[in-house]
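One letter stands for each residue in the lines below.
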Amino acid sequence: AKDRDQCLLNLIPYNPTEIGTLQGFLLPSKQDIDAFRSRLSEYGVGSLVRWTSAGGRDTNGACGQLVVESRAERLRKGA
C-alpha cells in the first residue's frame, strides 16, 4: 500500500522573461533548488529538476515564456 502513495514531483525552475524580471522574479540558484529538493526528500517526496535548454530560453521558447513574451509585446506597443 505504501508504494501507491509515492510520487515524483517534477520541478521546473523559473525561466527568465522581461516582464518577470521587471516584477523581481529571478532564476533560482542551483543551491536553492538543491535545498528545496532536500526538504521535499525529508518528507518522502521524490523530485526531479527539469532544466530548460539554453536554446529554449534564448528563443523565449521555454516553459511559460511564450505567453509572457506576447504580453510584453502588447505592453511595449501601448495596447
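Because the structure is predicted, anything quoted here is derived from the model rather than measured.

A few words on the overall build of the chain. Within the chain one finds 4 helices and 2 strands. Buried residues in the chain amount to 19% of all 79 residues. Put simply, 62% of the contacts in the chain that link residues at least 6 apart link residues at least 24 apart. Summing over all exposed atoms, the chain offers an accessible surface of approximately 6200 Å²; the carbon and sulfur share of this is 55%.

Our focus in this paragraph is the packing of aromatic side chains. Using the criterion set out here, one finds 1 aromatic pair in the structure. Consider the rings of Tyr14 and Phe25, whose centres lie 5.9 Å apart with planes at 40°: the pair is tilted. Taken as a pair, Tyr14 in the loop between β1 (8-11) and α1 (18-22) and Phe25 in the loop between α1 and α2 (30-42) lie far apart in primary sequence, 11 residues in all. The class for Tyr14 is partly exposed, based on a relative accessible area of 24%.

The next point concerns the pattern of salt bridges. This structure, assessed with the given rule, holds 2 salt bridges. Residue Glu42 pairs with Arg39 through a salt bridge whose shortest N-O separation is 3.5 Å. Of this pair, Glu42 and Arg39 both sit in helix α2, 3 residues apart, which is roughly one turn of the helix.

Take the confidence of the model for the chain next. For the chain, per-residue confidence averages 75 on the pLDDT scale, and 59% of positions sit at 70 or higher. Looking across the chain, the model is least confident in helix α3 (residues 54-58), with a mean pLDDT of 54, and most confident in α2, with 95.

Time to look at the environment of Pro28. Its place among the elements puts Pro28 in the loop between α1 and α2. Spatially, the C-alpha atom of Pro28 lies 6.7 Å from that of Pro13, the residues being 15 residues apart in sequence.

Burial along strand β2 (residues 46-49) is one-sided: Ser47 and Val49 are buried, and none of Gly46 and Leu48, which face the opposite way, are. The pairing of β1 with β2 spans 4 bridges and is classified as parallel. Paired with Leu11 across the bridge in β2 is Val49.

Let us look at the environment of Val49. Looking at where Val49 falls in the secondary structure, it is placed in strand β2. Note: C-alpha distance between Val49 and Pro13 (36 residues apart in sequence) is 7.5 Å. Setting aside chain neighbours within four positions, we find Val49 in contact with Leu11, Pro13, Ile33 and Arg37.

Definitions and limits used
Numbering of residues starts from 1 in every chain and runs along the sequence as written. Totals for whole chains, interfaces and linings use every residue, but because this is a predicted model, local features are given only for residues with pLDDT of at least 70 and side-chain atom pairs only at 80 or more, for both listing and counting. Water and hydrogen atoms play no part in the side-chain values, which are based on all heavy atoms of the structure. Going along the chain from the N terminus, every DSSP run of H or I of four or more residues is numbered as a helix, and every run of E of two or more is numbered as a strand. Note on classification: 1.4 Å probe, protein chains only; a residue is buried when its accessible area is under 20% of the maximum for its type, exposed when over 50%, partly exposed between these limits. Should any heavy atoms of two residues lie within 4.5 Å, those residues are considered in contact. For accessible areas, the Shrake-Rupley method is used with a probe of radius 1.4 Å. Any residue's cover is judged against the shown protein chains and nothing else. Classification of ring pairs rests on two measures: the distance between centres of Phe, Tyr or Trp rings, Trp counted by its six-membered ring, which must be within 6.5 Å, and the angle between planes, read as stacked under 30 degrees, edge-to-face over 60 and tilted in between. Salt bridge, as applied in this entry: a Lys or Arg side-chain nitrogen positioned within 4 Å of an Asp or Glu carboxyl oxygen. Each residue carries a pLDDT value, the predictor's own confidence for that position, ranging from 0 to 100. One requirement defines pairing of two strands: DSSP has to find at least two bridges between them.

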